[in-house]
Amino acid sequence: DAGVIQSPRHEVTEMGQEVTLRCKPISGHNSLFWYRQTMMRGLELLIYFNNNVPIDDSGMPEDRFSAKMPNASFSTLKIQPSEPRDSAVYFCASSFLVGQGNSPDTQYFGPGTRLTVL
Amino acid sequence: QQQVKQSPQSLIVQKGGIPIINCAYENTAFDYFPWYQQFPGKGPALLIAIRPDVSEKKEGRFTISFNKSAKQFSLHIMDSQPGDSATYFCAASDSWGKLQFGAGTQVVVTP
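Residues numbered from 1 in each chain as written. Chains lettered and ligands numbered in written order. Predicted model: local features only at pLDDT ≥ 70, side-chain atom pairs only at ≥ 80, totals over all residues. Heavy atoms only, no water.

## Observations concerning the overall build of chain B
The secondary structure content of chain B amounts to zero helices and eleven strands. Shown N-terminal to C-terminal, the secondary structure of chain B runs as helices and strands in the order β-β-β-β-β-β-β-β-β-β-β. By its C-alpha atoms, chain B is 40 × 30 × 20 Å across when sized along the principal axes. Here chain B holds 111 residues, and 46% of them are scored as buried. If you take every contact in chain B between residues at least 6 apart in sequence, the share linking residues at least 24 apart comes to 52%. Total accessible area on chain B is roughly 5,400 Å²; 49% of this is exposed by carbon and sulfur atoms. Distance from the positive charge centre (10 side chains) to the negative charge centre (8 side chains) of chain B: 3 Å. (Helix = DSSP H or I, 4+ residues; strand = E, 2+ residues; numbered from the N terminus. Buried < 20%, exposed > 50% of the residue type's maximum accessible area, 1.4 Å probe, protein only. Contact = heavy atoms within 4.5 Å. Areas by Shrake-Rupley, 256 points an atom, 1.4 Å probe, with all protein chains shown as cover. Lys, Arg positive; Asp, Glu negative; His and termini not counted. Charge placed at Lys NZ, Arg CZ, Asp CG, Glu CD.)

## Describing the pattern of salt bridges
Under the definition given, this model contains twelve salt bridges over all chains. A salt bridge links B:Lys98 to A:Asp56, with the shortest nitrogen-to-oxygen separation between them at 2.5 Å. Pair noted here: B:Lys98 is in the loop between strand 9 (86-93) and strand 10 (99-101) and A:Asp56 is in strand 6 (residues 53-56), and the two residues belong to different chains. According to the relative accessible area criterion, A:Asp56 is buried, its value standing at 18%. Residues A:Arg85 and A:Glu83 are paired through a salt bridge, measuring 2.6 Å at the closest nitrogen-oxygen approach. Owing to a relative accessible area of 55%, A:Arg85 belongs among the exposed residues under this scheme. The network of salt bridges with shared partners includes A:Glu62, A:Arg64, A:Glu83, A:Arg85 and A:Asp86. (Salt bridge = Lys/Arg side-chain N within 4 Å of Asp/Glu carboxyl O.)

## Observations regarding the state of the cysteines
All names here are of chain A. On inspection of all chains with the given rule, the structure shows two disulfides over all chains. Here Cys 23 is linked by a disulfide to Cys 92, with a sulfur-sulfur distance of 1.9 Å. Negative torsions about the S-S bond denote left-handed disulfides, and the value of about -65 degrees found for Cys 23 with Cys 92 makes this one left-handed. Remark: Cys 92 occurs in strand 9 (residues 88-95) and Cys 23 occurs in strand 3 (residues 19-24); sequence separation between them is 69 residues. Across the pair, Cys 92 and Cys 23 agree in class, each one buried. (Disulfide = S-S within 2.5 Å.)

## Quick word on the side chain of A:Thr106
One can find A:Thr106 in the loop between strand 9 and strand 10 (108-109). For A:Thr106, a relative accessible area of 12% gives the class buried. Not counting residues within four places of it along the chain, the set of residues in contact with A:Thr106 comprises A:Ser94, A:Ser95, B:Tyr32, B:Tyr36 and B:Leu46.

## A closer look at unusual backbone geometry
With an omega dihedral of -5 degrees, the bond running from A:Gln80 to A:Pro81 counts as a cis peptide bond. As for its placement among the helices and strands, A:Pro81 is situated in the loop between strand 8 (74-79) and strand 9. Here B:Ser7 and B:Pro8 are connected by a cis peptide whose omega angle stands at -5 degrees. Within the element layout of this structure, B:Pro8 appears in the loop between strand 1 (4-7) and strand 2 (10-14). Phi at A:Asn52 is positive, roughly 75 degrees, even though this residue is not glycine. Considering the arrangement of structural elements, one finds A:Asn52 in the loop between strand 5 (42-50) and strand 6. At B:Lys71, a residue that is not glycine, the phi angle is positive and equals roughly 55 degrees.

## Description of the pairing of strand 7 (residues 65-71) of chain A
Residue and element names in this part refer to chain A. Where strand 7 and strand 8 come together, five bridges link them in antiparallel fashion. Its bridge partner lying in strand 8, Ala 67 is registered against Leu 77. A loop of two residues connects strand 7 with strand 8, the two strands running antiparallel in sequence. (Pairing = 2+ DSSP bridges.)

## Considering the sheet that holds strand 7 of chain A
Residues and elements named next belong to chain A. One open sheet accounts for four strands, arranged 1-3-8-7; its pairing is antiparallel. The strands lining the two open edges of the sheet, one partner per strand, are strand 1 (5-7) and strand 7. Along the sheet, successive strands turn relative to each other by an average axial angle of 15 degrees, direction set aside. For strand 3 and strand 8, the ladder comprises five bridges, and the chain directions are antiparallel. Across the sheet, the residue bridging to Thr 20 is Lys 78, located in strand 8. (Axes fitted to C-alpha atoms, helices over the stretch in contact; angles between N-to-C directions.)

This is how it looks when you write it as structure tokens:
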């Protein structure tokens, strides 16, 4: 198994530009999570999906952030317009959840996308 | 607010020492407590996890101790090695698998 795949691995953009981060979860997993990691705030959950449906987006910083999961094998996180304070490492993780109330399975993280907004 | 509090922020031990990292939580709905290890430039990877029905779990040189009444849990790294130098995160999860991470502890094991 290739694990969780994220692209690009590095992104440098200018303030105001649109940024799209991509994630391919592990085949067979039905839950997908987007995290942001910074020195100041640590690892923050932005949004997570179960069976392609957004379950909780309360961690999304503001309307400039949006995430989609059009099918079980692909998700995007979009920032429009980007700002310097969005600079961080963005991780995607996936897991298999049998159902709410059942014990959660391991979350497998991708290698991350390091975003720099100038 | 941080739902999982982790300490210390950093730790330096000599090879063979036992770094201990402590975490505390408030939400009694949490029912799964994993520890993740992260090396520079990599994503976090699951190290070991425990559920609240047991008080201790060992996997190799890594041990989790869990105190349900105190809502605290800790990670011990026995016979630590320089290759264990990494950042360690505790986390707590609800039934949806939504993880709340601690702030992380940078562990350095000197030769």
